[in-house]
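Structural overview for review
What follows is each chain in one-letter form.
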Amino acid sequence: MLMIQSGSGGLMPTAFVTGASRGIGKAIALSLAEAGYDLAVSARTVRPGEIRDNALTVHHSDERPLPGSLAETAAEIEARGREALVVPCDLTDRESVEAAARRILDTWGGVDVIVHNGRYIGPGIMDVFLDTPLDAYEKMFEAHCIAPIILTRALLPAMLARGGGAVVTITSGAAWLVPPAPAGQGGWGLAYAVGKASGNPLVGILHTEYAGRGLRVFNVEPGFVATERNEISVRDYGRELVGAAPPSAIGATVRWLLDSPDADSLLGTTIEAQDLCRARELHPAW
């Protein structure tokens, strides 16, 4: 992995992880910090206890604060001896996304790795087709397609100028699978599926166009993961987290993809993270 000089003054690998206040994004950030990366982390929640509507359906609001924040993630990164750059960002707001990219470029001059993990949380995720508002599709598309494009367009030139880097998109089987049940009954809404599907092609295009210039890219399908958000969601819908992987297993898998030469055969593809994690024994605690 080629390295840029971060704010700490040394040549350390640097990564930018979106949606890093909790869940899979936080786990990836901490796994990379343990591997020696300095981290730029983004999300909407900067401080613990911030209040916003986190409802997944049009049928009710949900202003319970979610566990996790960028401040807490940054503190855990720094406890591992690495530098953390907090970059607040709303992926549905293009000005916010563009400002996040500028902050990274102005502070570090770029990063070696981008992990597109952040997603839109809102109505449409757990709404059936006729209940899903049209603006849910717009917000999903902004967060899962347009925002990663903006960030990659801004940060890719510096990567290529240094001879390469890596881009990872955290995708979802919702983009191509038939749900096992209606939304809210064990399945997901069309808006979420459309959003995730819109983000999938970025990796393939980047691989075709820039693999020869040192760019390593992967789509990573994490499967069902025991995140803070998922624990709340399944409880709200009268279900339990059964057989879900810990977020740290996905973090370990992304770390291996970025740093192992054995991952070269997987470049440009979609990886089933849990299968790879178990096959390679990347997270023995799981």
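The coordinates are above.
Bear in mind that the values here come from a model prediction, so they are computed numbers and not experimental data. (Residues numbered from 1 in each chain as written. Predicted model: local features only at pLDDT ≥ 70, side-chain atom pairs only at ≥ 80, totals over all residues. Heavy atoms only, no water.)

Attention now moves to unusual backbone geometry. At E281, a residue that is not glycine, the phi angle is positive and equals roughly 55°. Residue placement: E281 occurs in the segment after α9 (273-280). The exposed category is assigned to E281, whose relative accessible area is 64%. (Helix = DSSP H or I, 4+ residues; strand = E, 2+ residues; numbered from the N terminus. Buried < 20%, exposed > 50% of the residue type's maximum accessible area, 1.4 Å probe, protein only.)

A few words on the packing of aromatic side chains. Considering all chains together, one arrives at 0 aromatic pairs under this definition. The aromatic ring of W286 is capped on one face by R278, whose charged end is 3.7 Å from the ring centroid. (Phe/Tyr/Trp six-rings, centres within 6.5 Å; stacked < 30°, edge-to-face > 60°. Lys NZ or Arg CZ within 6 Å of the ring centre and 35° of its normal.)

The next subject is helix α6 (residues 201-210). Listed in full, the buried residues belonging to α6 are L202, V203 and L206. Buried residues in α6, looked at end-on, bunch into an arc of 95°, giving them a common side. Contact partners of the buried residues in α6: β6 (113-116), α4 (134-161), β7 (165-170), α5 (190-199) and β8 (215-221). (Arc of directions from axis to C-beta. Contact = heavy atoms within 4.5 Å.)

Here we take up the pairing of β6. Side chains V113 and V115 project from β6 onto one buried face, and the interleaved I114 and H116 project onto a second face that is buried too. One ladder, built from 4 bridges, connects β6 with β7; its direction is parallel. Bridged to H116 within β7 is T169. Of the crossover connections in this fold, the one passing from β6 over α4 to the parallel β7 is right-handed. (Pairing = 2+ DSSP bridges. Right-handed = clockwise from strand over helix to strand, strands pointing away.)

All we've got here are geometric facts, nothing functional implied.
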